[in-house]
Amino acid sequence: MDLDLRKLRYFVAVAEELHFGRAAERLHIAQPVLSRQIRALEDELRAQLFARTKRATELTPAGRQLLDDARPLLSAADATRRRVARAARGSKTFTIGFMPGLTVTEAVRAFGARHPDIEVELIRTTWNDQVDVLQDGRVDVSIVRLPIDQAGLTVRPLFEEPRVAMLPSDHRLAGKPVIDITDLADEHLLQDPDAVPEWRDIALELRTRTAKPIPVMRSVEEKLEHVAAGRGISIIPLSVATFYQRSDVVAVPVDDLALNAVCLAWVSSRRSRLIHDFAAIAPQVAWTP
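Quick notes on the rules
- Residues numbered from 1 in each chain as written.
- Predicted model: local features only at pLDDT ≥ 70, side-chain atom pairs only at ≥ 80, totals over all residues.
- Heavy atoms only, no water.
- Helix = DSSP H or I, 4+ residues; strand = E, 2+ residues; numbered from the N terminus.
- Buried < 20%, exposed > 50% of the residue type's maximum accessible area, 1.4 Å probe, protein only.
- Contact = heavy atoms within 4.5 Å.
- Areas by Shrake-Rupley, 256 points an atom, 1.4 Å probe, with all protein chains shown as cover.
- Lys, Arg positive; Asp, Glu negative; His and termini not counted.
- Charge placed at Lys NZ, Arg CZ, Asp CG, Glu CD.
- Domains from an automatic or database assignment.
- Pairing = 2+ DSSP bridges.
- Right-handed = clockwise from strand over helix to strand, strands pointing away.
- UniProt positions renumbered as here; feature names shortened; annotations may be inferred.
- Arc of directions from axis to C-beta.
- Salt bridge = Lys/Arg side-chain N within 4 Å of Asp/Glu carboxyl O.
- Phe/Tyr/Trp six-rings, centres within 6.5 Å; stacked < 30°, edge-to-face > 60°.
- Core = buried A, V, L, I, M, F, W, Y, C linked by side-chain atoms within 4.5 Å.

1. Considerations on the overall build of the protein chain
On a plain count of helices and strands, the protein chain comes out with 11 helices and 10 strands. Across the 289 residues of the protein chain, 45% fall into the buried class. Within the protein chain, contacts between residues at least 6 apart in sequence are counted, and of these 68% link residues at least 24 apart. About 15,500 Å² of surface is accessible on the protein chain, with carbon and sulfur atoms providing 50% of the total. Side chains of the protein chain give 39 positive and 40 negative charges; the mean places of these two sets differ by 6 Å.

What follows is the structure, encoded as structure tokens:
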């Protein structure tokens, strides 16, 4: 049986929203149409994907499995569509994704010297999409910051760098030349605690279950605005702190934080000669200002 990608997209929308009405709005279709498509998919798979009651919609074990499998399938389909469209246009491009704090100038120049007929395009990524842009074909390679989900990817280390604590300029620790992670135990962290396990393991707000919600932040600039306003602190790589310097926020070294690893990543199934040429260049150039 061939899976219908349209039905899979409908399923993912419902699985992420856990609400048929919101999913229908997101997909711009009528709710009865969406319900019929989900029932048809369940019939085709011979499995119940959702447990529905008057109060809630929840994924069944089969639904959770399908969600895990559907996302990479849809990303691969999107990637194929993009690459075929580029080939049909006859465009010779190579697209590089890169994280905040990194510069790709040297790599682009070196790659361009080797491939003068290729147009290099750049996409600035975030913690949330640095892998997505690879899986859905928006970029050919991505300069990523670990940790990431490495499933289906080839990941080559480039360098490691320290992480620093970003504090408001009037913070009690702002003038210190260096601090320990224990000095931050009673602070509010403006990011996923799992991204800083050293802090997570000692955090007072996690032990007392008094942690405030983390605001939705889509960029470094937004994160630093929250820090400057005194709403919490953030742990970021040194190159990011250097790149985004401002007078109302201070970067303080933290003595016992693990280094942040920066790597080159691409989809393992890609056999592009351009990717392997770039992979040969990448370790030989500088990635920070």
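2. Focus: the domain arrangement of the protein chain
One can read the domain layout of the protein chain as domain 1 (5-72), domain 2 (92-161 + 260-282) and domain 3 (163-253). Taking the mean C-alpha position of each, domain 1 and domain 3 sit 38 Å from one another.

3. Regarding the pairing of strand β4 (residues 119-124)
The pairing of strand β3 (residues 93-98) with β4 spans six bridges and is parallel. Residue pairing across strands places F94 opposite V120, the latter belonging to β4. Regarding topology, helix α5 (residues 105-114) serves as the crossover connection from β3 to the parallel β4, and that connection is right-handed.

4. Notes on the UniProt feature "domain: HTH lysR-type" (unreviewed entry) in the protein chain
The positions UniProt marks with the feature "domain: HTH lysR-type" (unreviewed entry) are residues 3-60. Measuring from the first to the last C-alpha atom of residues 3-60 gives 19 Å, for a span that is 62% helix and 10% strand.

5. Overview of helix α9 (residues 220-228)
The periodicity of an α-helix, 3.6 residues per turn, causes residues three or four positions apart to be oriented the same way. Turning to α9, its buried residues number three or more, namely V220, K223, L224, H226 and V227. In an axial view of α9, the angular spread of the buried residues amounts to 155°, which keeps them on one side of the axis. In the core, the buried residues of α9 are packed alongside β7 (163-168), β8 (234-237), α10 (238-243) and β9 (249-253). Two residues or fewer after α9 comes G230, characterised by a positive phi angle close to 80°.

6. Looking at helix α2 (residues 20-27)
Taken together, the buried positions of α2 are F20, G21, A23 and A24. The buried residues of α2 occupy an angular sector of 165° when projected down its axis, which confines them to one face. Looking at the buried positions of α2, the neighbouring elements they touch are α1 (5-17), α3 (31-45), β1 (50-52) and β2 (57-59). Positioned one or two residues after α2, H28 has a phi angle of 60°, which is positive.

7. Observations concerning the pattern of salt bridges
Across all of its chains, the model carries 21 salt bridges by this definition. Of the charged contacts in the structure, one is a salt bridge between R6 and D4, with a shortest N-O distance of 3.9 Å. Since its relative accessible area comes to 41%, R6 is described here as partly exposed. The exposure class of D4 is partly exposed, given its relative accessible area of 25%. One salt bridge in this structure joins R172 and E187, with 3.2 Å as the shortest N-O distance. Pair noted here: R172 is in the loop between β7 and α7 (197-200) and E187 is in the loop between β7 and α7, with a separation of 15 residues, a long-range link. Taking relative accessible area as the criterion, E187 reaches 13% and is therefore assigned buried.

8. As for the side chain of T57
Here T57 shows up in strand β2. In this structure T57 comes out as buried when scored by relative accessible area, which is 11%. Apart from the residues within four sequence positions on either side, T57 is in contact with L18, F20, F50, A51 and R52.

9. Digging into the packing of aromatic side chains
With the rule as written, the count across this model stands at seven aromatic pairs. An aromatic cluster is present here, built from F94, F111, F278 and W287 joined pairwise through their rings.

10. Here's the deal with the nonpolar core
Counting 23 residues, the largest nonpolar core has F94, V141, I143, L264, F278 and W287 as its most contacted members. Listing elements by their share of this core, those giving two or more residues are β3, α5, β5 (141-145), β10 (260-267) and α11 (273-281). Looking at this core, the element that brings in the most residues is α11, giving five residues. Excluding residues within four positions of it along the chain, V141 makes contact with F94, T95, I96, G97, L134, L264, A265, W266, I275 and F278. Counting residues in hydrophobic clusters, the runner-up holds 20 residues, among them Y10, A13, F50 and L66.

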